[in-house]
Amino acid sequence: MGTQKSDEQPGGTGRRALLGAAVLGAGGAVLGLPGTARAGEGRHGGGVKSLPVPTIIGHRGASGYRPEHTLGSYQLALDLGAHVVEAGDLVPTKDGHIVCRHEPEIGGTTDVADHPEFAGRKTTKLLDGVSVTGWFTEDFTLAELKTLRAIERIPANRPHNTLYNGRWEIPTFEEVLKWQDEQTRKRGRQVWIYPETKHPTYFRKLGLGLEERVAKLLRKYGKDGKNAPVILQSFEPTSIQRLNKLVGNPLVVLLSSATSRPWDFVETGDPRTVADLITPKGLKEIAGYAQGIGPTLDLVIPKDANGNLTTPTTLVADAHKAGLILHPYTMRNENPFLPAEYRKGTDADAYGDVFGAYRTYFATGIDGVFTDNPDTGLLARQDFVNG
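As the structure is a prediction and not an experimental result, all values here were calculated from the model.

Trainee: Just give me the short version of the nonpolar core, but keep the residues and values in it.
Mentor: Nonpolar side chains in soluble globular proteins tend to end up buried together. In terms of nonpolar packing, the biggest core is built from 81 residues, with F173, I293 and M331 touching the most fellow members. Membership of the second largest hydrophobic core comes to 13 residues, among which are V48, W192, V252 and F370.

See the structure below:
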């Protein structure tokens, strides 16, 4: 997920609590946690409706513990028991391949700055109306990107993750689809992924349209149907509408802050904001081409000026009435990313009372949540399901 998200603020420096669960191997289980949902915990029916509720989605893998959007992060998310892995944020290369990066600008997520042969590629671009300086995937061939290695994106919050800097390369979406099949065979259960088309209007203007490339790969691997274990998401409704015409996959519209406008709306002069999209009328329209929404958690429970939670909105009930599922984003364990009342101590990088926060959000009736810490999310879910 991308720059539109309201939960991306950086934190301070300091210690971070170590990984709090013992991984028991590749069987998909964590100490005290089932690797798969118990019978009866999910909805009836196939496809997305077969997922356990609430669904725990590994945000960019297990990015609380490994550099995001790497096979190492994706793998750990499965080992920790995540029901679904967000693999990955999809951006194109210069030669038309699709790779998994948080953003097309890769200065903060790879070691590109340490490669003198690419120093001349550093540039400034206007990305969805924002001036961004760095290195961009669309200026590199896939072969060139494969010479880079991933690094931790927020080292100030997660210094322990820097231990793994340089260990993994940038995965392609095709490699992820092959990995998904391999893991499904090894684990004896269907592995689900939740990729996102990033800045689709921006890339279409560059002649690097994402939707057609993504659809082609999904068709190649037989994952383009309504019951396919691949949920597609985007912050741009027109990208989801385009995908709806190309594939049968479950589709989700991502929603940032209420006052924001999707970039495709800005480009086409559509005056509506996210606030318009989350009205009963707007949700009914979304339900005409998508199966769900991915709102920021603040659209479910707003915060006051001090960062404390206030009264839940009617979004969950309104979305369910329209037939939509809700998978809000993003739960993280560190203090800076939690509502103020759930922070503990003065260390900006210490873990807060994240279980209390999960309990409050789950109580609203959301169908699942994106989390950087799947093991924590699953323990919180277990508490919630068991009452």
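Trainee: Can you lay out the confidence of the model for the chain for me, pointing to particular residues and giving the numbers?
Mentor: Across the chain, pLDDT averages 90, with 88% of residues at or above 70. Long-range and interchain partners of residues 9-44, a stretch whose pLDDT sits below 50, account for 90 contacts in this model, where long-range means more than four residues apart.

Trainee: Help me get a handle on the packing of helix α3 (residues 173-187) against helix α5 (residues 210-220), residues and values and all.
Mentor: Packed helix pairs are characterised by how far apart their axes lie and by the angle those axes make with each other. In the contact formed by α3 and α5, the axes pass within 11 Å of each other and the chain directions differ by 30°. One finds that α3 runs roughly parallel with respect to α5. Here α3 and α5 pass one another in a crossing that is right-handed. Of α5, the residues touching α3 (which contributes F173, E174 and L177) are V214, L217, L218 and K220. Here the residues of the contact of α3 with α5 are counted per class, giving five nonpolar, no polar and two charged.

Trainee: I'd like a description of the sheet that holds strand β7 (residues 192-193), backed by residues and values.
Mentor: Taking strand neighbours across the sheet as the criterion, the four strands line up as β7-β2-β1-β13 in an open arrangement whose pairing is parallel. On the outer flanks of this sheet lie β7 and β13 (368-371), each paired with one strand and no other. Bridge analysis of strand β1 (residues 55-58) against strand β2 (residues 84-85) gives two bridges, and the strand direction is parallel. In the strand pairing of β2, I57 is matched with V84.

Trainee: Mind laying out the packing of helix α12 (residues 354-362) against helix α13 (residues 374-385), listing which residues take part and the relevant values?
Mentor: Between α12 and α13, whose axes approach to 9 Å, the crossing angle comes to 55°. The orientation of α12 relative to α13 falls into the category oblique. Between α12 and α13 lies a crossing whose hand is right-handed. Here V354, F355, Y358 and F362 of α12 lie close against α13, whose contacting residues are T376, G377, L379, A380, R381, D383 and F384. When grouped by side-chain class, the residues that make up the contact of α12 with α13 number seven nonpolar, two polar and two charged.

Trainee: Go over empty space enclosed by the protein, please, and point to the residues and values.
Mentor: Evaluated as defined, the whole model comprises two cavities of 30 Å³ or more. Here the second largest cavity defines a volume of roughly 30 Å³. Classifying every residue of the lining of the second largest cavity by side-chain character gives one nonpolar, one polar and seven charged.

Trainee: How would you sum up the environment of V230? Please name residues and give values.
Mentor: Along the chain, V230 turns up in the loop between α5 and β9 (232-234). In this structure V230 comes out as buried when scored by relative accessible area, which is 0%. Counting along the chain gives 36 residues from V230 to Y194, while the straight-line C-alpha distance between them is 5.7 Å. Those residues in contact with V230, other than ones at most four positions away along the chain, are Q180, W192, I193, P195, L218, K223, N249 and P250.

About the criteria used
Residues numbered from 1 in each chain as written. Predicted model: local features only at pLDDT ≥ 70, side-chain atom pairs only at ≥ 80, totals over all residues. Heavy atoms only, no water. Core = buried A, V, L, I, M, F, W, Y, C linked by side-chain atoms within 4.5 Å. Buried < 20%, exposed > 50% of the residue type's maximum accessible area, 1.4 Å probe, protein only. pLDDT = per-residue confidence, 0-100. Contact = heavy atoms within 4.5 Å. Axes fitted to C-alpha atoms, helices over the stretch in contact; angles between N-to-C directions. Helix = DSSP H or I, 4+ residues; strand = E, 2+ residues; numbered from the N terminus. Parallel < 35°, antiparallel > 145°, perpendicular 65-115°, else oblique. Left-handed = near helix turned anticlockwise from the far one by under 90°. Nonpolar A, V, L, I, M, F, W, Y, C, P; charged D, E, K, R; others polar. Pairing = 2+ DSSP bridges. 1 Å grid on protein atoms, 1.4 Å probe; cavity = no way out; pocket = protein on both sides within 12 Å on 5 of 7 lines; lining within 4 Å. Points joined across faces, edges and corners; volume = space filled by probe spheres on them.

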